Amino acid sequence: MTEIRLYNTKTRAVEPLEPTVVPGRVGMYVCGPTVYDRAHLGNARPVVVFDVLFRLLRHVYGADNVTYVRNFTDVDDKIIARAAETGRPIDAITAETTQWYLDDMAALGALEPTEMPRATAYIPQMVAMIEALIAKGHAYAAEGHVLFDVRSYAEYGRLSGRSVDDMIAGARVEVAPYKRDPMDFVLWKPSTDDLPGWPSPWGRGRPGWHVECSAMSYALLGKSFDIHGGGNDLMFPHHENEIAQSRCAHPEGDFARIWMHNEMLQVEGKKMSKSLGNFFTVHDLRSQLSGDVMRYVLMSSHYRAPLDWTVSRVEEAKVILSRWLRLNDRFRRASLDIPDSFEPDPAILAALADDLNVPAAFTRMHELTTGNSADTEPERLVQVVGNARFLGFSLGSGTGPDPSCSLEVAVDRVDAMEERLSQMCAEIDAARAEKDFALADSIRARLREVGVDVLTTKDGTRWERNVDFDRDKAETLV
RNA sequence: GGCGAGUUGGCGGAGUGGUGACGCAGCGGAUUGCAAAUCCGUGUACAGGAGUUCGAUUCUCCUACUCGCCUCCA
């Protein structure tokens, strides 16, 4: 069995994944979105990173032996603020945003996690956890709030390498009169009648930011599980607080054994922000780029290194994806299939198992997709398409500015369109035979326009889609 | 101020104690009506300094610079 090695933030070292909580089974929790707005590119990075890991885990341990939990935080002050701004009900905002998120992440080729719990469905579990923390002397109620007592947990700050005293010295903490220590954080806060709230021993209120993840991971994965992931900006305070809550509420468990953090995404060398005008949502980009191109860019540097999203990288990704797509067209033309027994390339598996070295996996893809190997064409095409799919690329089934339509619908539409494309290639051949190059070029230009490459071969003209293929435009040729 | 990450050829980006991936771009060639695609060929890179070593881009220290977190954030 492939040994998977992962960098553990907790120990600052790469270590083997040893699924021993439940032997042979892996539990993974990744912090999901707070649903109040469209997912941006930065939100997409961890989704893709942990999707690659999820795919690897499913391959190594078997799909039924991997539980991947990614939550939706649907109670939060940002959501309340959004409701106030727009005058819309909170439920409508969270439901809509949740669906947007699922659509956008699917476009990026991300598999749905095994479990996608919503925070509001776990309020009783949160209350129970808070009660346990109070009972064990790790939390206290004050003025309708319940706060976690950071001084009661000696290891507080260990994950992020900070000490409580240092952080207080940093002095950028909110000092509320009801806090025993400035670093204490809120587990529960009171809600006025106009705010979302649930009954609790401390009055009507709502959970603080961090408890939901502790409560949901405990409910779905238990007191110990293998992997916890998220962006490295969550390391402090979010993950630190999760650890404190979970370890104090369930001291008999380990909570997460391996902590993984992806580095931040930047845009053209700067932090993505609305004020800099370099802020992009996945939804925005989907009108210009295929999900595969976005996925490729997001996978093109190691997850623990910063990723700079730039125009030139997008262009480079298009070149690569076009090549893969052309090979995929040949694969389809040859009526090939990926056999059930298909095994991903050993070099790709080894690269991914080595702390998700996706760039090294791409190197192998480059070897498979370039160079002269005409004598092994069918085999090679199966390798290319099989491995690309393993890495989460849809190769055309989701390509084009409208990747959202279902595969089944797409197949029928594509068949009629493909016939037309072949017909146009025949027209080019006829024109060239009569040396009517102007006509041949004009037909070629029309094909290019919809994102189809025209290949001049000894056996006549052929078409292959490139990454700019636009299904809707191609339909107009029929 | 505290904590952390990083600095590899024009660009992107792996990796290694012993002449140094891979991709994009460029250049040359094949092919082509011209292209595109494809194929073949082509690269004086490891921030600076000191040290360890037979030998360092790879280990150690220092300097410079960049970036992130410490506040909502993936």
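Residues numbered from 1 in each chain as written. Chains lettered and ligands numbered in written order. Predicted model: local features only at pLDDT ≥ 70, side-chain atom pairs only at ≥ 80, totals over all residues. Heavy atoms only, no water.

Draft legend 1. Fine view of the protein's contact with RNA strand B. In the neighbourhood of RNA strand B, 48 residues make up the surrounding shell, with Trp209, Gly231, Leu234, Lys271 and Thr456 lying closest. Considering the 4 Å shell around the protein, atoms of RNA strand B inside it are sugar or phosphate in 61% of instances. Note that a base nitrogen of RNA strand B is positioned 3.3 Å from one of the side-chain N or O atoms of His40. In the environment of RNA strand B, a sugar or linking oxygen lies 2.7 Å from a nitrogen or oxygen atom belonging to the side chain of Arg313. Of all the elements in the fold, those that place two or more residues in the surface near RNA strand B are α1 (41-61), α5 (164-170), β9 (224-231), β11 (265-267), α10 (311-333), α12 (358-369), α15 (437-449) and β14 (452-457). If you tally residues by element for the surface near RNA strand B, the top one is α10, at five residues. Looking at the surface near RNA strand B residue by residue, the classes come out as 13 nonpolar, 20 polar and 15 charged. (Near = heavy atom within 4 Å. Polar contact = N/O pair within 3.5 Å; in protein donor to acceptor, adjacent residues only side chain to side chain. Helix = DSSP H or I, 4+ residues; strand = E, 2+ residues; numbered from the N terminus. Nonpolar A, V, L, I, M, F, W, Y, C, P; charged D, E, K, R; others polar.)

Draft legend 2. Highlighting the pattern of salt bridges. Going through the model one piece at a time under the given rule, you end up with 32 salt bridges. When the shortest N-O distance is used, the salt bridge between Asp104 and Arg38 registers 3.9 Å. In this pair, Asp104 is assigned in helix α3 (residues 90-107) and Arg38 in the loop between β3 (26-30) and α1, connecting sequence segments 66 residues apart. Take Asp104 and Arg38: they sit in the same class, and that class is buried. With a shortest N-O distance of 2.7 Å, Asp254 and Arg257 are connected by a salt bridge. On the basis of relative accessible area, Arg257 is assigned to the partly exposed category, the value being 27%. (Salt bridge = Lys/Arg side-chain N within 4 Å of Asp/Glu carboxyl O. Buried < 20%, exposed > 50% of the residue type's maximum accessible area, 1.4 Å probe, protein only.)

Draft legend 3. How the structure looks around the nonpolar core. The biggest cluster of nonpolar side chains holds 77 residues, and the ones touching the most others in it are Leu57, Ile227, Trp309, Trp324 and Phe393. The dominant element in this core, judged by the number of residues it contributes, is α1, at 13 residues. Mapping this core onto the domain boundaries places at least three of its residues in each of domain 1 (5-266) and domain 2 (317-390). Other than its neighbours up to four places away in sequence, Phe393 contacts Asp292, Arg295, Tyr296, Met299, Leu321, Trp324, Phe362 and Ala388. Within the second largest apolar cluster, 42 residues are counted, among which are Trp188, Leu234, Ala244 and Phe255. (Core = buried A, V, L, I, M, F, W, Y, C linked by side-chain atoms within 4.5 Å. Domains from an automatic or database assignment. Contact = heavy atoms within 4.5 Å.)

Draft legend 4. Local environment of the sheet that holds β11. Taken together, the three strands give an open sheet; going across it, the order is β12-β11-β13, and neighbouring strands pair in mixed fashion. The open sheet terminates on both sides in strands that have one partner only, identified here as β12 (270-271) and β13 (307-309). Across two bridges, the pairing between β11 and β12 is antiparallel. Within β12, the position partnered with Val267 by the bridge is Lys270. On top of the sheet, helix α9 (residues 291-299) reaches β11 and β13; it is set at about 145° to β13, its chief contact. (Pairing = 2+ DSSP bridges. Axes fitted to C-alpha atoms, helices over the stretch in contact; angles between N-to-C directions.)

Draft legend 5. Here's a closer look at the packing of aromatic side chains. Inspection of the entire model under this criterion finds 13 aromatic pairs. Summarising the aromatic geometry, the rings of Phe148 and Phe185 are spaced 5.1 Å apart at their centres and angled 15° between planes, so their arrangement reads as stacked. Taken together, the residues span a long stretch of sequence, with Phe148 in strand β6 (residues 145-148) and Phe185 in strand β7 (residues 185-190) at a distance of 37 residues. The same class applies to Phe148 and to Phe185, which are both buried. (Phe/Tyr/Trp six-rings, centres within 6.5 Å; stacked < 30°, edge-to-face > 60°.)

Draft legend 6. Main features of the pairing of β9. The element β9 is extensively covered by neighbouring structure, given that eight of its eight residues are classed as buried. Where β3 and β9 come together, three bridges link them in parallel fashion. Paired with Met28 across the two strands is Ile227, which belongs to β9. Each parallel crossover has a hand, and for β9 linked through helix α7 (residues 235-249) to strand β10 (residues 255-262) it is right-handed. (Right-handed = clockwise from strand over helix to strand, strands pointing away.)

Draft legend 7. Here's a closer look at the domain arrangement of chain A. The domains assigned to chain A are domain 1 (5-266), domain 2 (317-390) and domain 3 (407-475). Every contact between the two is made by ten residues of domain 1 and, on the other side, eleven residues of domain 2. Both sides of the domain 1 and domain 2 interface together cover about 880 Å² of buried area, and 68% of this is carbon and sulfur. At the surface where domain 1 touches domain 2, the tally comes to zero salt bridges. Summed over the shared surface of domain 1 and domain 2, the number is five residue pairs in polar contact (both at pLDDT 80 or more). Counting residues per element, the ones that place at least two in the side of domain 1 that touches domain 2 are β1 (5-8) and α1. Counting residues per element, the side of domain 1 that touches domain 2 draws most heavily on α1, at six residues. Taken together, the residues of the side of domain 1 that touches domain 2 sort by class into seven nonpolar, one polar and two charged. (Buried area = accessible area lost by both parts, 1.4 Å probe.)

Draft legend 8. View of the sheet that holds strand β8 (residues 205-207). The four strands lie next to each other as β5-β6-β7-β8, forming an open sheet whose pairing is antiparallel. Edge positions in the sheet fall to β5 (139-142) and β8, since each has one partner strand and no second. Averaged over neighbouring strand pairs, the angle between their axes works out to 20° when direction is ignored. Bridge count for β5 against β6 is four bridges, and the pairing is antiparallel. Along β6, the bridge assignment pairs Tyr140 with Leu147.

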